[in-house]
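Reading the structure
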Amino acid sequence: MFSSFFRIKWRIEGQYTAPLSDIRPGNRPMIPIVQRLAACCAILLLLAPLAWADSVGEYVKQLHADAEQGDPESQYRLGLMYYRGRGVPQDYAQALYWYRAAAEQGDADAQHNLGFMYSKGLGVAQDFVLAHMWANLATSPGDQDAIEFRHDLARKMTPAQIAEAQKLAHEWKPKKRE
């Protein structure tokens, strides 16, 4: 069984191939089984927040209540749901609102996503200065994706715009939870 596992080759389009001698009943390659198991685990992890709720609608109501109370994690999750249109209708303005609420409290993921929305003009006018500011704030925990995003933004900006964005980031202070 292990010998067939190591002879399996990966093709670019994501399909598995194995030597013909290994494809017979009772001698299936292990990778598809592991892949299915990983997919099941991923689904369970994604659905974990829903385990206590009777429905998605109830979960969204609870998330809204927590977000209104100022919980940055709930605000971030709501922003993500509105951005992707999962469990709620896709609405970039609402995503921007909830990302901003979490970002203003110092949530690095929300800051990164808020910067992305400003860079693309999703739910707001495109603004590279504010995008760079939020990306700069998101890099403080050392998030490599945020660092790369900030560098990509800087390539599209003038030195004066970068200086303004850095000044805004330096002057920024997180808001206290209400």
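The structure reproduced in this document is the subject of the present report. These numbers were taken from a predicted model, which means no experiment stands behind them.

1. Some details on the overall build of the protein
The helix and strand inventory of the protein stands at 9 helices and 2 strands. Counting helices and strands in the order they occur from the N terminus, the protein gives α-β-β-α-α-α-α-α-α-α-α. Considering the protein as a whole, with its 178 residues, one finds that 33% of them fall into the buried category. Long-range pairs, those at least 24 residues apart, make up 45% of the contacts in the protein with a sequence separation of at least 6.

2. Structural notes on the packing of aromatic side chains
What the rule picks out here adds up to 5 aromatic pairs. Centre to centre, the rings of Y76 and Y99 are 5.9 Å apart; their planes meet at 35°, and the pair counts as tilted. With Y76 in helix 4 (residues 72-84) and Y99 in helix 5 (residues 92-103), the pair connects residues that are 23 residues apart, well separated along the chain. Residue classification places Y76 among the buried residues on the basis of a relative accessible area of 15%.

Reading guide: rules and limits
Residues numbered from 1 in each chain as written. Predicted model: local features only at pLDDT ≥ 70, side-chain atom pairs only at ≥ 80, totals over all residues. Heavy atoms only, no water. Helix = DSSP H or I, 4+ residues; strand = E, 2+ residues; numbered from the N terminus. Buried < 20%, exposed > 50% of the residue type's maximum accessible area, 1.4 Å probe, protein only. Contact = heavy atoms within 4.5 Å. Phe/Tyr/Trp six-rings, centres within 6.5 Å; stacked < 30°, edge-to-face > 60°.

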